[in-house]
Amino acid sequence: MGTQHETRSGATRAPGLTVSPLAGRRGVRAAGEVGLSTHGTWRRALEQAVREGPDGEGEDVYHLELSAVTFVDVAGAGVLVAAAERLPDGRRLVLHRPPPALRRVLEMFWPDVPAIEVSMS
């Protein structure tokens, strides 16, 4: 597994995957690939999503901006689903512009996970 580094902006980085906080809303932006060498970084980002409660305005959504993610393997998709299943009732993860392969894997293996919403905007 690769070495993780923290940058001045608070982003964490592993070879092939960068995760940084979103500006203006609760969540993270990921860039790169989710694969064997980056599972630890991906898992930690999703654990943070599960730990964080609603924001001060009662928002029960955690945003994952994935437009710069080029690949998520099946194990990475499984980690995403497991995190979503640990969310309290009413909370959800919104995946913004996930890669097509991740959408297909979710549709094939986990079609009915109410805590995951896919947004193409």
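Here the residue numbers are simple positions, counted from 1 along each chain's written sequence. Confidence filtering applies because this is a predicted model: local features only for residues at pLDDT of at least 70, side-chain atom pairs given and counted only at 80 or more, and all residues used for totals across whole chains, interfaces and linings. Values shown for side chains rest on all heavy atoms present in the structure; no hydrogens or waters enter the calculation.

## Some remarks on the nonpolar core
In step 1: Counting residues in hydrophobic clusters, the biggest one holds 30 residues, and the most contacted among them are Trp42, Leu64 and Leu80.
In step 2: Put simply, the parts of the chain that give this core at least two residues each are β3 (17-21), β4 (27-34), α1 (39-51), β5 (61-72), α2 (74-85), β6 (92-96) and α3 (100-109).
In step 3: Each helix corresponds to a stretch of at least 4 residues labelled H or I by DSSP, and each strand to a stretch of at least 2 residues labelled E; elements are numbered beginning at the N terminus. By residue number, the principal contributor to this core is α2, which donates 6 residues.
In step 4: Once residues within four sequence positions are removed from consideration, Leu64 is found in contact with Val28, Leu46, Leu80, Leu93, Val94, Leu95 and His96. Only buried Ala, Val, Leu, Ile, Met, Phe, Trp, Tyr and Cys residues count toward a nonpolar core, and they belong to the same one when joined by side-chain atoms within 4.5 Å. The buried label goes to any residue with under 20% of its type's maximum accessible area, the exposed label to any with over 50%, and the partly exposed label to all in between, with areas taken from a 1.4 Å probe on protein chains only. Contacts are assigned to residue pairs with any non-hydrogen atoms lying within 4.5 Å of each other.

## Some words on a nonpolar patch on the surface
In step 1: Without a salt bridge and with relative accessible area above 30%, a residue can belong to a patch; like charges are then joined within 9 Å and nonpolar side chains (Val, Leu, Ile, Met, Phe, Trp, Tyr) within 5 Å. Surface exposure here means Shrake-Rupley accessible area, sampled with a 1.4 Å probe, where a residue is shielded only by the protein chains that are shown. Counted as salt bridges are all cases of a side-chain nitrogen of Lys or Arg within 4 Å of a carboxyl oxygen of Asp or Glu. A cluster of nonpolar side chains, namely Val74, Met108 and Phe109, defines an oily patch on the protein surface of about 330 Å² accessible area.
In step 2: Within the element layout of this structure, Phe109 appears in helix α3.
In step 3: Take Phe109: its relative accessible area is 49%, and that puts it in the partly exposed class.

## With respect to α2
In step 1: Helix span is expected to be 1.5 Å times the residue number reduced by one. Its 12 residues place the ends of α2 16 Å apart at the C-alpha level, agreeing with the 16 Å of an ideal helix rising 1.5 Å per residue.
In step 2: By the burial criterion, the buried members of α2 are Gly76, Ala77, Val79, Leu80, Val81, Ala83 and Ala84.
In step 3: On its buried face, α2 sits against β4, α1, β5, β6, α3 and β7 (116-119).

## Digging into α3
Quick reminder: α-helices carry 3.6 residues per turn. Residues three or four places apart thus point the same way.
In step 1: Among all positions in α3, only Leu102, Val105 and Leu106 are buried. Take α3 and look down its axis: the buried residues cluster within an arc of 100°, on one side only. More than 90 degrees from the buried face of α3, the exposed residues found are Glu107 and Met108.
In step 2: Elements in contact with the buried residues of α3: β5, α2, β6 and β7. The arc refers to the directions leading from the helix axis to the C-beta atoms.

## Some points on the pattern of salt bridges
In step 1: In this structure the tally under the stated criterion is 2 salt bridges.
In step 2: In this structure, the salt-bridge partner of Glu65 is Arg97, at a minimum N-O distance of 3.3 Å. A residue pair is termed long-range when its members are at least 10 positions apart, and Glu65 in strand β5 and Arg97 in the loop between β6 and α3 qualify at 32 residues.
In step 3: Note on Arg97: relative accessible area 38%, which makes it partly exposed.
In step 4: Arg92 serves as the salt-bridge partner of Glu117, at 2.7 Å between the closest nitrogen and oxygen. Here Arg92 lies in strand β6 and Glu117 lies in strand β7, a separation of 25 residues in the sequence.
In step 5: The class of Glu117 is partly exposed, set by a relative accessible area of 32%.

## Quick notes on the side chain of Thr38
In step 1: Looking at the element boundaries, Thr38 is found in the loop between β4 and α1.
In step 2: In protein, a polar contact means a hydrogen-donor-capable atom and an acceptor-capable atom, both N or O and within 3.5 Å, with residues adjacent in sequence counting only if both atoms are side-chain atoms; elsewhere, any N or O pair within 3.5 Å suffices. There is a polar contact of 2.9 Å between the side chain of Thr38 and the backbone oxygen of Glu33.
In step 3: There is a polar contact of 2.8 Å between the side chain of Thr38 and the backbone nitrogen of Gly35.

## Focus on the packing of α1 against α2
In step 1: Axes here mean lines fitted to C-alpha atoms, for a helix over just the part in contact, with angles spanning 0 to 180 degrees between N-to-C directions. Two numbers describe how α1 lies on α2: the axes approach to 9 Å, and their chain directions differ by 15°. What the angle tells us is that α1 and α2 run roughly parallel. When you trace α1 past α2, the crossing you get is right-handed. Contacts between α1 and α2 involve His39, Trp42, Arg43, Leu46 and Val50 on the former and, on the latter, Ala75, Gly76, Val79, Leu80 and Ala83.
In step 2: For the contact of α1 with α2, the class distribution of residues is 7 nonpolar, 2 polar and 1 charged. Each angle gets one of four labels, with under 35 degrees taken as roughly parallel, over 145 as roughly antiparallel, 65 to 115 as roughly perpendicular, and the rest as oblique. Should the near helix be turned anticlockwise from the far one by less than a right angle, the crossing is termed left-handed; should it be turned clockwise, right-handed. Note on residue categories: nonpolar means Ala, Val, Leu, Ile, Met, Phe, Trp, Tyr, Cys or Pro, charged means Asp, Glu, Lys or Arg, and polar means any other residue, Gly included.

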